[in-house]
Amino acid sequence: MKKVLVATGTSVNKMNSVAETIKKMCADKNVEVDVVAKNIYEVKLDEINPDVIVLLGPNKLETDIPIIDGIAFMTTIGVDQVIDDIINHL
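Structural notes, computed from the coordinates. (Residues numbered from 1 in each chain as written. Predicted model: local features only at pLDDT ≥ 70, side-chain atom pairs only at ≥ 80, totals over all residues. Heavy atoms only, no water.)

Right, let's get into the nonpolar core. Val4, Val6, Ile22, Phe73 and Ile86 are the most contacted members of the largest nonpolar core, which totals 20 residues. At the level of elements, strand S1 (2-8), helix H1 (12-28), strand S2 (33-39), strand S3 (52-56), helix H3 (71-75) and helix H4 (79-89) are the ones that each hand at least two residues to this core. Counting residues per element, this core draws most heavily on H1, which supplies six residues. If we skip the residues at most four places from it in the chain, Ile22 touches Val6, Val35, Val54, Phe73, Ile83 and Ile86. Grouped together as the second largest cluster of nonpolar side chains are 11 residues, Ile40, Val43, Ile48 and Leu61 included. (Core = buried A, V, L, I, M, F, W, Y, C linked by side-chain atoms within 4.5 Å. Buried < 20%, exposed > 50% of the residue type's maximum accessible area, 1.4 Å probe, protein only. Helix = DSSP H or I, 4+ residues; strand = E, 2+ residues; numbered from the N terminus. Contact = heavy atoms within 4.5 Å.)

A positive phi is found at Asn30, a non-glycine position, where the angle reads about 60°. With respect to the helices and strands, Asn30 occurs in the loop between H1 and S2. Look at Asn30 and you get exposed, because its relative accessible area is 76%. Not every positive phi belongs to a glycine, and Asn49 is a case in point at roughly 55°.

Moving on, we come to H1. End to end, H1 covers 24 Å across 17 residues, agreeing with the expected 24 Å (1.5 Å per residue, within 8%). Listing the buried residues of H1 in full gives Met15, Val18, Ala19, Ile22, Met25 and Cys26. An end-on view of H1 places all buried positions within 140° of arc, on one side of the element. In H1, those exposed residues whose orientation departs by more than 90 degrees from the buried face are Asn13, Lys24 and Asp28. (Expected span 1.5 Å × (residues − 1). Arc of directions from axis to C-beta.)

The next thing to look at is the sheet that holds S3. Strands sit in the order S2-S1-S3-S4 across an open sheet of four strands; the sheet is parallel. Two strands in the sheet have a free side with no partner beyond their single neighbour: S2 and strand S4 (67-69). Strand after strand, the sheet turns through a mean of 25° between neighbouring axes, direction not considered. Lying on the sheet, H1 is in contact with S1, S2 and S3; it crosses S2 at an angle near 170°. (Pairing = 2+ DSSP bridges. Axes fitted to C-alpha atoms, helices over the stretch in contact; angles between N-to-C directions.)

Here we take up H4. When we look at burial in H4, the residues that qualify are Val79, Val82, Ile83 and Ile86. Angular distribution of buried residues about the axis of H4 spans 100°; they occupy a single face of the element. Exposed and oriented more than 90 degrees from the buried face of H4 are Asp80 and Asn88. The secondary structure elements touched by the buried residues of H4 are S1, H1, S3, S4 and H3.

Functional significance is not addressed by these values, which are geometric in nature.
Structure, rendered in structure tokens:
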């Protein structure tokens, strides 16, 4: 199963909300995905091995894994496009 990492260094509630939104919106498009939410400063990418990362806030990760700016989930503007971008990377 493909995996999405949602990461932030601030609000755990927002991070968990975004993770649930991604899971639901992908399911609505018939895309099965495992969504993991972690603190950006504590995450171990090699243990999670995500296919794509959604960041809520500044990028503090150095990786070749595709990174998507998750600010759309905070503003609710452009969420559908971000979901499409996530699915395209999966």
